[in-house]
Amino acid sequence: VQLVESGGGLVQPGGSLRLSCAASGFTFSSYAMSWYRQAPGKEREFVATITSAGGSTNYADSVKGRFTISRDNAKSTVYLQMNSLKPEDTAVYYCRAIWLNSYWGQGTQVTVSS
């Protein structure tokens, strides 16, 4: 089982990034997928989730209206489009697969700074 995040980097406040999480080794289309983040010195927190078929999404209040989660089951990939980024969005972002088991990726760093 592998979850590999990519797309992180350094961006100025107000900018955008799109994170990707490529999955392998399990039946991706059966799993709900989520994004979490962990800032330095803080606990890991929920960001967004999407159901297995992509029909329903949910977001943390802190990112609602700015971030969009989506998935492509044909590519076994989940995405997180992040717009209007703020310095407080700086964190390591992790994807997570949830169903019979729970799998985590290794994370990708997002830094929002001028």
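Up top is the structure.
Values in this document were obtained by computation on a predicted structure and should not be read as measured data. (Residues numbered from 1 in each chain as written. Predicted model: local features only at pLDDT ≥ 70, side-chain atom pairs only at ≥ 80, totals over all residues. Heavy atoms only, no water.)

### Some remarks on the sheet that holds strand S3 (residues 17–24)
Overall, antiparallel pairing links the four strands, which are arranged S1-S3-S8-S7 in an open sheet. Taken across any chain shown, the strands that pair with only one partner, and hence form the sheet edges, are strand S1 (2–6) and strand S7 (67–72). Each neighbouring strand pair of the sheet contributes to a mean axis angle of 15 degrees, computed without reference to strand direction. Relative to S3, S1 is paired through five bridges, and the arrangement is antiparallel. From the neighbouring strand, Gln2 faces S3, where its bridge partner is Ser24. (Pairing = 2+ DSSP bridges. Helix = DSSP H or I, 4+ residues; strand = E, 2+ residues; numbered from the N terminus. Axes fitted to C-alpha atoms, helices over the stretch in contact; angles between N-to-C directions.)

### Details of the packing of aromatic side chains
Overall, the coordinates contain eight aromatic pairs when judged by the stated rule. Note on Phe26 and Tyr103: the rings are 5.2 Å apart at their centroids and 45 degrees apart in plane angle, and the pair reads as tilted. Highlighted residues: Phe26 in the loop between S3 and strand S4 (32–38) and Tyr103 in strand S10 (residues 102–104), separated in sequence by 77 residues. The exposure class assigned to Phe26 is buried, which follows from its relative accessible area of 16%. Where Tyr36 meets Phe46, the ring centres are 5.8 Å apart and the plane angle is 80 degrees; that geometry is what we call edge-to-face. Taken together, the residues Tyr36 in strand S4 and Phe46 in strand S5 (residues 45–50) connect sequence positions 10 residues apart. For Tyr36, a relative accessible area of 14% puts it in the buried group. Exposure remark for Phe46: the relative accessible area of 28% places this residue in the partly exposed category. A connected cluster of aromatic rings, assembled from ring pairs, spans Phe26, Phe28, Tyr31, Trp99 and Tyr103. Over the ring of Tyr94 we find Arg44; its NZ or CZ atom is 3.7 Å from the centre of that ring. (Phe/Tyr/Trp six-rings, centres within 6.5 Å; stacked < 30°, edge-to-face > 60°. Buried < 20%, exposed > 50% of the residue type's maximum accessible area, 1.4 Å probe, protein only. Lys NZ or Arg CZ within 6 Å of the ring centre and 35° of its normal.)

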